[in-house]
Amino acid sequence: MRGEEYLTKPQQYALVYSKGSSLASNLVVMKTLPSGLAWSRYGFSVSKRVGGAVTRNRVKRLLREILRITPLKSGWDIVFIVRPAAATADYTGLKSSVDGLLSRAGLLETEGRAAFPSEVKGRVVENQRFN
RNA sequence: CAAGUAAACCGGGUGACCGCCCUGACUUCUAGUCGGGGAGGAAAGUCCGAGCUCCACCAGGCAGGAUGCUGGGUAACACCCAGGAGGGGCGACCCUACGGAUAGUGCCACAGAAACAUACCGUCCUUCCCUUUGGGAGAGAUAAGGGUGAAAUGGUGGGGUAAGAGCCCACCAGCGGUUGGGUGACCAACCGGCUGGGAAAACCCCAUCCGGAGCAAGACCAAAUAGGGGGAUAAAGGGAUGCCUGGCCCCGUCCCCGGGUUGGUCGCUUGACCCUUCCGGUAACGGAAGGGCUAGAUAGAUGGUCACCGUCCUUCCCAUUUGGGAAGGAUACAGAACUCGGCUUACAGGUUUACUUGCUCC
RNA sequence: GUGAGUGUAGCCCAGAGGCCUAAGGCGCCAGGUUGUGGCCCUGGAUAUCGAGGGUUCAAAUCCCUCCACUCACC
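Because the structure is predicted, anything quoted here is derived from the model rather than measured. (Residues numbered from 1 in each chain as written. Chains lettered and ligands numbered in written order. Predicted model: local features only at pLDDT ≥ 70, side-chain atom pairs only at ≥ 80, totals over all residues. Heavy atoms only, no water.)

Colleague: Go over helix 2 (residues 53-69) with me, naming the residues and quoting the values.
Modeller: With 17 residues, helix 2 should cover 24 Å at 1.5 Å per step; its first-to-last C-alpha distance of 25 Å lies within 8% of that length. Taken residue by residue, helix 2 has Val59, Leu62, Leu63, Ile66 and Leu67 as its buried positions. Taken down its axis, helix 2 places every buried residue within 125 degrees of arc, on the same side. For helix 2, the exposed residues lying more than 90 degrees away from the buried face are Ala53, Val54, Arg61 and Arg68. In this structure, the buried residues of helix 2 make contact with strand 3 (41-45), strand 4 (76-82) and helix 3 (91-105). (Helix = DSSP H or I, 4+ residues; strand = E, 2+ residues; numbered from the N terminus. Expected span 1.5 Å × (residues − 1). Buried < 20%, exposed > 50% of the residue type's maximum accessible area, 1.4 Å probe, protein only. Arc of directions from axis to C-beta. Contact = heavy atoms within 4.5 Å.)

Colleague: Which residues make up the sheet that holds strand 4, and what are the values?
Modeller: Strand pairing in a sheet relies on backbone hydrogen bonds, with the paired strands running either antiparallel or parallel. Taken in spatial order, the 4 strands of this open sheet run 1-2-4-3, and their pairing is mixed. The open sheet is flanked by strand 1 (21-24) and strand 3, the only strands paired with a single partner. On average, adjacent strands in this sheet sit at an angle of 20 degrees to one another, irrespective of strand direction. The pairing of strand 1 with strand 2 (residues 28-34) spans 4 bridges and is antiparallel. Its bridge partner being in strand 2, Ala24 is matched across the sheet by Val29. Sheet strands in contact with helix 2 are strand 3 and strand 4, and its direction is about 160 degrees off that of strand 3. In the packing of helix 3 onto the sheet, contacts are made with strand 1, strand 2 and strand 4, and the angle to strand 2 comes to roughly 35 degrees. (Pairing = 2+ DSSP bridges. Axes fitted to C-alpha atoms, helices over the stretch in contact; angles between N-to-C directions.)

Colleague: Lay out the packing of aromatic side chains with the relevant residues and their values.
Modeller: Evaluated as defined, the whole model comprises 2 aromatic pairs. Ring centres of Tyr42 and Phe44 lie 5.8 Å apart, and the angle between their planes is 55 degrees; this geometry places the pair in the tilted category. Residue classification places Phe44 among the buried positions, given a relative accessible area of 14%. Ring-pair connections join several aromatic residues into one group, and the members of that group are Tyr42, Phe44 and Phe80. (Phe/Tyr/Trp six-rings, centres within 6.5 Å; stacked < 30°, edge-to-face > 60°.)

Colleague: Go over the nonpolar core with me, naming the residues and quoting the values.
Modeller: Formed by 28 residues in total, the largest nonpolar core has its most connected members in Met30, Tyr42, Ile78, Phe80, Val82, Leu94 and Leu102. Contributions of two or more residues to this core are made by strand 2, strand 3, helix 2, strand 4 and helix 3. In this view, Phe80 contacts Val29, Met30, Tyr42, Gly43, Phe44, Ser45, Leu67, Val98 and Leu102; residues no more than four positions away in its chain are not counted. Leu7, Val16, Leu33 and Val79 belong to the second largest nonpolar core, which has 5 residues in total. (Core = buried A, V, L, I, M, F, W, Y, C linked by side-chain atoms within 4.5 Å.)

Colleague: Kindly report on the environment of Trp76, identifying the contributing residues and their values.
Modeller: Within the secondary structure, Trp76 sits in strand 4. Assessed through its relative accessible area of 7%, Trp76 is described here as buried.

Structure representation (C-alpha cells):
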C-alpha cells in the first residue's frame, strides 16, 4: 500500500497520540495533528478489545472505504481509534459517526471551509501552541 | 416411517456501479488501457512432527525430555491402517496414558486387632484352680463367622475335621508348564500345585528416540558511524548455544564498553503439490502413465453500496395427498504472513452412501 | 515467533492428595457501645476453587484438553 495517504510508522502514531487534539463519538475516537504537508494522512488503531481478526479487519475496511469517499482538508495527520461498540455497527452508522467528527473538527473539504472558517483557524493556532 | 451408528462432502448463487493487491501485453513516459489471478475446512489454537537456513565438522558420556499391547505405513510423528486384550451398548458400532509393583525407596488418611505379615470379639482342644450348672488362669490349634474399611489374602457348592483351613473334589478366576496355531501381541487344549492387596497420571526401572536456534532464520545492495577506550592472552585461548570428554579443522585473536542501522531486493511460493486412469496391498499407503499451475500482502490486498434468486424457521391464507402464495426473521465458525504432514478446538444449515433397532404394509 | 506464569468470597491472598462443607485480612450485614457517627466488642453471610474430562477408595492439589489474563526476549 502506498504510504502517501497513510500513517505507517509507530513514531508517527506516537506523535499524534501525544500532541494531537481529540474528539470522540460512541464508536470512534479521532486524534488530529497538523502535519505541514500538502496532503492529509490517516491511520487506524483497532485493538483486540474490539474483536477477533475478522471483525477488526472488517472495521478497518469500512473506515478505509469511508475515508476514500470523503474529501479531506489537506495538511493533517488523523488517527482513528476504534471503540468496542463499533464491532456491531454497519456502514451507515460508522459513516455518520465519522462524518460528524470530521465536520466538528472542520476537516471536511466542502462543508468545513464554508461553514466554520473562523473556528478552524482558532483550532490550528491552538495546536501549534502545543508544538 | 421413527430412532440411531459409521464414513465422505458442501458451507450460498447471479448481475450492476465504485475501489484494493499481484501479474502479462501494449501505449507511453511513469501514469494509463486491455486481459489473467486473488482466503479456509478449520487459514484458528500453536499441542506434536518434518523440510529449509544459520550455529566449522564428527563421535561418546552425563543431565533433561518424549514415547510405551503387536505388526505395518510414512520424510517424520504423540499421526494413520490392520490386528490382539480389556470395557461399554439390544445392535450397527464405540472407547482405552494398554510395559514393569519378587530392582529398589516411599505412600495407603479416618475407622479397624491388623493396611503388610497381623489375631480384637470369637471357635476348638487340653492342664490347673474354684465343691456343682458354670466361671477364672495358662499352654496350644485355627482364619470359617462378627465387626472396620475403598481395599482384609482366591469365589460358589460339596466332602472333611475337635474346630477349621485348597486339607480334598467340581466349576470359575489367577499363576506356572507342555503341545499346537500365529511374523507377533495373543489364542486353544491338556497337566500341575494351590496361589497372599492398591497405586508407577509417587519417585523410579526397562526398551526406543531426541544437538541448539528460528524466515525478525539467513543472503545481497545502498546508506551511515567508528577505525576509539579497557581487559585477557602465545606450548595458551576462542570458534555448538545445559555440562563434560576425545578427534579433526579454522582463527592469530577474543571479550566488555562506546558508536551506527529498522531502507530496498532475494528468501517467497513447483511442492513429501493437485486431478484422472490403471496396477500391487484387507487397509493406511506405494508404483506407473497422462494432464494441470492454484493468493503472496508488509500497519499488512481479497472490499463497499444495492437488486434479484436460493436454503431454513415462525405465523396467516388457499388447498386438505404431494403442494402453492404472502409477511417477518435467520443465513455459522472464522482471515493466509516461510512451507508442508497431523492433532485439538469452533461451526447456521444441508447433501450422499452403507448399516442397525423398532413399528406398519405387501 | 519463542518462552514463562497466574486464575480460590465484592477486593488482596493462604493451601502443596484425606483433619478442606477451604484459613486470614479489607469490605458487607445484624446486634452492643454512643445523644449521633467513627473507633472498638460480639456474631453472621458471601466460594459450582476459571471450564470440561480422566487417574485414585478419595482431587482446589496429580494428568490431559480448552478459556481468559499477565509478563519477558528478538
